[in-house]
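# Architecture and fold: a report
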Amino acid sequence: MSAPALDTRAVAPRPATGRPPVPLSRLVDVEVRKLVDTRASRWLLAAVPLLTLVVVTGVTLWGRDEEVTFGMHTTTNMMPLEFVLPLVAVLAVAGEWSQRAALTTFALVPRRGRVVVAKAAALLVVTLAATATVVALSALGTVVAAQVRGIEAVWDLPLELALRLAVANVLVVAFGFLVGVAIRSTAPAMVAYLGFMFVVPMISSVVAGAWTWWAENGAWLDLSWSSSFVTSPEMTGEQWAQVGTSSLIWVVVPMVVAVRRLLRVEIR
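Residues numbered from 1 in each chain as written. Predicted model: local features only at pLDDT ≥ 70, side-chain atom pairs only at ≥ 80, totals over all residues. Heavy atoms only, no water.

With that out of the way, let us pick up the overall build of the chain. Looking only at helices and strands, the chain has 10 helices and 0 strands in total. Starting at the N terminus and ending at the C terminus, the chain contains elements arranged as α-α-α-α-α-α-α-α-α-α. When the accessible surface of the chain is totalled, it reaches about 15400 Å², and 68% of it is carbon and sulfur. (Helix = DSSP H or I, 4+ residues; strand = E, 2+ residues; numbered from the N terminus. Areas by Shrake-Rupley, 256 points an atom, 1.4 Å probe, with all protein chains shown as cover.)

Pasting the structure below:
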């Protein structure tokens, strides 16, 4: 008894009709919305205008007349922003892995590199938007403070300094993003970032006081030290070089290693 012949036309494979990849702009839009989906990130971002209002009110009521200026308001209001935004970056990356949302994310978008780029772009958009918001609120606070105190508003914020304030925010957010990518667990990542923010500068200061070489050259290696130059009234070419060198050591090289590891690590 012979086996029946199969009609090869009936089982011929259909031509592949792969769907186009999700546009990067849509991924960035999704990541921006995910930044405010969690309660922690939502409160951290909401704290930006609230802290700005507190600072402006404090300077208006208790500051000296020479402190009620646009430049003073803006530089002072950027301090809490430099603390809040990196925490948002840590939560944006590490929180997704801690809550196992990465399983869904990489199932919908298998190319992990695109997701990482979208997260970085979303954080850049939010950072620049928050910086612009603080500058605008500081300008409004300058006008209100001048009216309350009966003095003339002083607009003493150079464009170059305003751009450097934005660069400083981007730099600290990049480090927060690195910590999230490298550790991928919310609690340890937060501890690591806060330890870098508060412990490393103190250790560096103590070492600089005891070791002359570190006092003269530590800014080339210590990111927390060199990044303080970015928000200073004036900045030299050597200080820019120190920022670039320390950023290469603390952000760029570790980011390359962390992203490569993330692209290969098993998702659980």
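Let us now look at the packing of helix H6 (residues 159–183) against helix H9 (residues 223–230). Remark: H6 packs on H9, axes separated minimally by 9 Å, with the N-to-C direction vectors making an angle of 155°. In this view, H6 runs roughly antiparallel relative to H9, as classed from their interaxial angle. Residues Arg164, Val167, Ala168, Leu171 and Phe175 of H6 pack against Leu223, Ser227, Phe229 and Val230 of H9. Tallied by class, the residues present in the contact of H6 with H9 amount to 7 nonpolar, 1 polar and 1 charged. (Axes fitted to C-alpha atoms, helices over the stretch in contact; angles between N-to-C directions. Parallel < 35°, antiparallel > 145°, perpendicular 65-115°, else oblique. Contact = heavy atoms within 4.5 Å. Nonpolar A, V, L, I, M, F, W, Y, C, P; charged D, E, K, R; others polar.)

Once that is clear, we can look at the pattern of salt bridges. One pass over the full model with this rule turns up 4 salt bridges. Between Arg33 and Asp29 there is a salt bridge whose closest N-O contact spans 3.2 Å. Of this pair, Arg33 and Asp29 both sit in helix H1 (residues 24–35), separated by 4 residues, roughly a single helical turn. Residue Arg33 is classed as partly exposed on the basis of its relative accessible area, which comes to 46%. The class for Asp29 is partly exposed, based on a relative accessible area of 41%. When the shortest N-O distance is used, the salt bridge between Lys34 and Glu31 registers 3.3 Å. Taken together, the residues span about one helical turn, with Lys34 and Glu31 both in helix H1 at a distance of 3 residues. Of the residues examined, Lys34 reaches a relative accessible area of 27% and is grouped as partly exposed. One continuous salt-bridge network, built from bridges that share partners, spans Glu31, Lys34 and Lys119. (Salt bridge = Lys/Arg side-chain N within 4 Å of Asp/Glu carboxyl O. Buried < 20%, exposed > 50% of the residue type's maximum accessible area, 1.4 Å probe, protein only.)

Moving on to the packing of H9 against helix H10 (residues 237–264). At their nearest, the axes of H9 and H10 sit 9 Å apart, and the two run at 140° to each other. As judged from the angle between their axes, H9 and H10 are oblique. Judged by the sense of rotation from one axis to the other, the crossing of H9 with H10 is left-handed. On H10, the residues touching Leu223, Ser226, Phe229 and Val230 of H9 are Gln239, Gln242, Val243, Ser246, Ser247, Trp250 and Val251. In terms of residue class, the contact of H9 with H10 is made up of 6 nonpolar, 5 polar and no charged. (Left-handed = near helix turned anticlockwise from the far one by under 90°.)

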